[in-house]
Amino acid sequence: MATTGTYTVTVTATAGGCTATATSTVTITGAPAPVITFTGNDSICNGQTKVLSLTTTYTAYHWQNNATTATLTVNATGNYAVTVTRANGCTAVATQTITVITVAPNIIHIPPALQCTNGLNRLRVPVLAGYTSYVWSNGQTTDTMTYNATGTYRVTVTNYLGCTGTATSNQTVNASPTAPVITVTSPTPCSKLLTIPATYNTYAWTGGGNTNTKAALATGTYTVTVTNAAGCTATASSTVTVT
């Protein structure tokens, strides 16, 4: 008999075939259904631990890793089982699944690929990852970080459970050229000549022109964009009056 219930037996005499019946109620006592308990929810952050215990005290405990204590400290994802024994020798099993959460942020570089000290250089952590906070190594606290110097940039993110993770990104930022100083002279009464130092790789004037000088034949504002060897640019403007 393995379960509680009323059991009946009927016997028959060898001689004459007469019968008789007897009934007995049997109660099978097992260990109370054990329940594993713990603080918080069933997830822990990578590197943390959680203590599993039971809501009732038993005479013996046998965890799946052969531990025989009333509590078990875990730090890995898994399904943890314990067999408990009470004073009458009856046993029961309880199980609990624990999940370890690993936070591994991914840093994305936002174009353009050419990074200059006077440009808009940005790194971003995808918001779809579900993080609740961001802290960059330069103190910025949004999902997108701006910078203007070569270096290794680090972000620490936190998820809804309070778990944190860190990622780094090495970035190279090229020096932008110094904005040129435009010198204006009057080679003729009816024109102006705009000149900048011949120390840049390329020149681009508004209205045309790709050298370090620009002839201005009309009143207006003239702008030049210069480029250095790294491909970074700078601009300068000058307003002239031609009579």
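Placed above this text is the structure.
Below: a short report on this structure. All values derive from a computational prediction rather than experimental measurement. Every chain begins its residue count from 1, and numbering advances along the sequence as written. The model is predicted, so local features are restricted to residues of pLDDT at least 70 and side-chain atom pairs to those at 80 or more, both for listing and for counting; the totals for chains, interfaces and linings are taken over all residues. The basis for the side-chain values is all heavy atoms of the structure; hydrogens and waters are excluded.

Here we look at the sheet that holds strand S20 (residues 220–227)
Working step 1: Across the sheet, three strands lie side by side as S18-S20-S21; this open sheet has antiparallel pairing. Of all the strands in the sheet, just strand S18 (202–205) and strand S21 (233–240) have a single pairing partner and so form its edges. Strand-to-strand, the axes of this sheet are offset by a mean angle of 20°, without reference to chain direction.
Working step 2: Strand direction decides the pairing type here: S20 and S21, joined by eight bridges, are antiparallel. Paired with glycine 220 across the strands is valine 240, a residue of S21. The pairing criterion for strands is at least two bridges between them, as found by DSSP. Secondary structure is summarised from DSSP: a helix means a run of H or I of at least four residues, a strand means a run of E of at least two, and numbering begins at the N terminus for each. To define axes, lines are fitted to C-alpha atoms, for helices over the stretch in contact only, and angles between the resulting N-to-C directions are given on a 0 to 180 degree scale.

Description of the packing of aromatic side chains
Aromatic ring pairs are described here by two measures, namely the spacing of the ring centres and the angle between the planes.
Working step 1: Whether two aromatic rings pair depends on their centres lying within 6.5 Å, for rings of Phe, Tyr and Trp, where Trp uses its six-membered ring; planes under 30 degrees apart make the pair stacked, over 60 edge-to-face, and the rest tilted. Overall, the coordinates contain four aromatic pairs when judged by the stated rule.
Working step 2: Ring centres 6.1 Å apart and planes at 85° place the aromatic pair tyrosine 58 and tyrosine 61 in the edge-to-face group. You'll find tyrosine 58 and tyrosine 61 in the same group, each marked buried.
Working step 3: Summarising the aromatic geometry, the rings of tyrosine 131 and tyrosine 134 are spaced 6.4 Å apart at their centres and angled 85° between planes, so their arrangement reads as edge-to-face.
Working step 4: With a 1.4 Å probe rolled over the protein chains alone, any residue whose accessible area is under 20% of its type maximum counts as buried; one over 50% counts as exposed, and the rest are partly exposed. Residue tyrosine 131 is classed as buried on the basis of its relative accessible area of 15%.
Working step 5: Under the relative-accessibility criterion, tyrosine 134 is labelled buried at 9%.

Concerning the sheet that holds strand S7 (residues 72–74)
Working step 1: Pairing is antiparallel in the open sheet, where three strands are placed in the order S3-S5-S7. The two strands at the open ends of the sheet, each matched to only one other strand, are strand S3 (36–37) and S7.
Working step 2: Note that S3 and strand S5 (residues 50–54) share two bridges and pair antiparallel. Looking at the pairing, threonine 37 lines up with serine 53 of S5.

Some details on the environment of threonine 206
Working step 1: Take threonine 206: it is sitting in the loop between S18 and strand S19 (213–216).
Working step 2: Residue classification places threonine 206 among the partly exposed positions, given a relative accessible area of 40%.
Working step 3: For the pair threonine 206 and serine 43, spaced 163 residues apart in the sequence, the C-alpha separation amounts to 62 Å.
Working step 4: If we skip the residues at most four places from it in the chain, threonine 206 touches Lys214, Thr221, Tyr222 and Thr223. Note on definitions: a residue-residue contact is assigned when non-hydrogen atoms from the two residues lie within 4.5 Å.

Focus: unusual backbone geometry
Working step 1: A cis amide bond links proline 111 with the next residue in sequence, proline 112, at an omega value of 15°.
Working step 2: By the element assignment, proline 112 lies in the loop between strand S10 (108–110) and strand S11 (121–124).
Working step 3: The backbone of asparagine 66 shows a phi angle near 75°, a positive value even though the residue is not glycine.
Working step 4: Assessed through its relative accessible area of 55%, asparagine 66 is described here as exposed.

As for the pairing of strand S16 (residues 183–188)
Working step 1: In the sheet, S16 pairs with strand S17 (residues 191–195) via four bridges, with the strands oriented antiparallel. When the bridges of S17 are listed, valine 184 appears paired with leucine 194.
Working step 2: Between S16 and S17, which pair antiparallel one after the other, the connecting turn spans two residues.

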